[in-house]
Amino acid sequence: MSAPPPTTVRPAGGLRRFRRPTGPQPERCELCAQEVGAGHRHLVDTDARVLACACRGCAMLFERRGAAGGRYRAVPERYLVDPGHSLDDGAWDALQIPVGLAFFLRNAALDRLIALYPSPAGATESDLDPEQWQAVLGESRLAGLLRPDVEALLLRRTDDASECFLVPIDVCYELVGRMRLRWRGFDGGAEAREDLAAFLADVRSRARVPGRDDAP
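Note that residues are indexed from 1 along each chain, following the sequence as it is written. Note on the predicted model: pLDDT of at least 70 is required for a residue's local features to be given, and 80 or more for side-chain atom pairs to be given and counted; whole-chain, interface and lining totals, by contrast, use all residues. To obtain the side-chain values, all non-hydrogen atoms of the structure were used and water was disregarded.

**So, the sheet that holds strand β3 (residues 72-74)**
Next, step 1: Ordered by their spatial adjacency, 3 strands build an open sheet running β2-β1-β3, and the pairing between neighbours is antiparallel. Because the sheet does not close on itself, it has two edges, and the strands there are β2 (50-54) and β3. Mean inter-strand twist for the sheet, computed between neighbouring axes without regard to direction, equals 35°.
Next, step 2: Two strands pair under a simple rule: DSSP has to find at least two bridges between them. Numbered from the N terminus, helices here are DSSP runs of H or I no shorter than four residues, and strands are runs of E no shorter than two. Sheet topology places strand β1 (residues 41-45) next to β2; 5 bridges connect them, and they run antiparallel. Whenever a helix is involved, its axis is fitted only over the stretch in contact; in every case the axis is a line through C-alpha atoms, and angles between N-to-C directions fall within 0 to 180 degrees.

Here it is as structure tokens:
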């Protein structure tokens, strides 16, 4: 009696993504699988609240309002600054944010205002009521330009000054991830502070004053 033919066992589809890669894997667009390089664009999955890598072509498809029923939205590439922004100690203290930097965004699906700031545990979120939003950012010209889900207002507060920028949401999460990896001790440590300084310098170099073509 002959032996049965060998059986080929294929990994289940749900487990295939957990196999150890054989080498460095290039990043790919999560829609069309085209390879993407450094500095590629992102989409926001508004249902799952996660970022997806995208090639430039796919990102452009989702720049239109209502594309894919509004589930995916392309993260814009603009950086804006409000040079006239100012913030008093009382308004900042009311937020009870223990660090001098925070991102403020609007979740359209939940109709919520959220403050997000870096911490040793990653991104820490705090809901904002409309009065807090108005007190801290309502006077900024950037608040009316903010696009829900895909952009954030970055507020940097020091002892003698405050800065307000409008930035893409993906750079906010990138910074939070970097801070989590580098955070040491109570105040973050020298490496985290240097990383933050480099990030802010890059934002300042990219940011421009809003023009007539800027719209929410």
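Let us keep going from here.
**A closer look at the sheet that holds strand β9 (residues 162-168)**
Next, step 1: Strand order in the open sheet formed by 6 strands is β4-β9-β8-β5-β6-β7, with antiparallel pairing between adjacent strands. Looking at which strands have only one partner, the edges of the open sheet turn out to be β4 (80-81) and β7 (122-128).
Next, step 2: Relative to strand β8 (residues 151-157), strand β5 (residues 101-107) runs antiparallel, the two being bridged by 4 bridges. Bridged to Ala102 within β8 is Leu155.
Next, step 3: When checking whether two residues touch, look at their non-hydrogen atoms; a contact exists if any pair is within 4.5 Å. The sheet contacts of helix α4 (residues 130-137) involve β5, β6 (112-119), β7, β8 and β9, and relative to β5 the element is tilted by about 130°.
Next, step 4: The strands touched by helix α5 (residues 169-182) are β5, β6, β7, β8 and β9; relative to β9, the strand with the most contacts, the crossing angle is about 110°.

**Side note on the confidence of the model for the protein**
Next, step 1: Each residue carries a pLDDT value, the predictor's own confidence for that position, ranging from 0 to 100. Confidence in the prediction of the protein, expressed as mean pLDDT, is 79, and 84% of residues score 70 or more.
Next, step 2: Mean pLDDT in the protein bottoms out at helix α1 (residues 13-16), which sits at 38, and peaks at β4, which reaches 96.

**With respect to the side chain of Arg41**
Next, step 1: When you line up the elements, Arg41 lands in strand β1.
Next, step 2: At 2.9 Å, the side chain of Arg41 forms a polar contact with the backbone oxygen of Val75.
Next, step 3: Aside from chain neighbours lying at most four places away, what touches Arg41 is Ala52, Cys53, Ala54, Arg56, Ala59, Glu63, Ala74, Val75, Pro76 and Glu77. In protein, a polar contact requires one atom able to donate a hydrogen and another able to accept it; more generally it is a pair of N or O atoms within 3.5 Å, and residues adjacent in sequence count only if both atoms are side-chain atoms.

**Some remarks on the nonpolar core**
Next, step 1: Buried Ala, Val, Leu, Ile, Met, Phe, Trp, Tyr and Cys residues that are joined via side-chain atoms within 4.5 Å together make up what is termed a nonpolar core. Buried, partly exposed and exposed residues are distinguished by accessible area as a fraction of the type maximum, computed with a 1.4 Å probe on protein chains only: under 20%, between the cut-offs, and over 50%, respectively. Ranked by size, the top nonpolar core spans 27 residues in total, and within it Phe103, Leu154, Val167 and Phe199 carry the most contacts.
Next, step 2: Looking at this core, the elements that each hand over two or more residues are β5, β6, β8, β9, α5 and α6 (189-206).
Next, step 3: Ranked by residues supplied to this core, first place goes to α5 with 6 residues.
Next, step 4: Sequence-distant contacts of Phe199, defined by excluding residues within four places in its chain, comprise Phe103, Leu154, Val171, Leu175 and Arg178.
Next, step 5: Ranked by size, the runner-up nonpolar core spans 22 residues in total, among them Trp92, Leu95, Ala102 and Val136.

**Looking at the environment of Leu196**
Next, step 1: Secondary-structure assignment places Leu196 in helix α6.
Next, step 2: Relative accessible area serves as the criterion here: at 15%, Leu196 is assigned to the buried category.
Next, step 3: With 18 residues separating them along the chain, Leu196 and Arg178 place their C-alpha atoms 9.0 Å apart.
Next, step 4: Beyond its immediate chain neighbours, meaning those up to four positions away, Leu196 contacts Leu101, Arg156, Leu175 and Met179.

**Description of α5**
Next, step 1: Helix length check: α5, at 14 residues, gives a terminal C-alpha distance of 21 Å against a target of 20 Å (1.5 Å per residue), a fit within 8%.
Next, step 2: Considered for burial, the residues of α5 that qualify are Ile169, Asp170, Val171, Cys172, Leu175, Val176 and Met179. A helix's residues, less one, multiplied by 1.5 Å, set its expected span.

**What to know about the packing of aromatic side chains**
Next, step 1: Two rings belonging to Phe, Tyr or Trp (six-membered ring only in the last case) form a pair when the distance between their centres is within 6.5 Å. Interplanar angles under 30 degrees mark stacking, angles over 60 mark edge-to-face geometry, and anything in between is tilted. Within the structure shown, the criterion is met by 1 aromatic pair.
Next, step 2: Ring geometry for Phe62 versus Tyr72: centroids 5.8 Å apart, planes at 65°, classification edge-to-face. Residue Phe62 is located in the loop between α2 (56-61) and β3, and its partner Tyr72 is located in strand β3; the two are separated by 10 residues in the primary sequence.
Next, step 3: Given the relative accessible area of 21%, Tyr72 is considered partly exposed.

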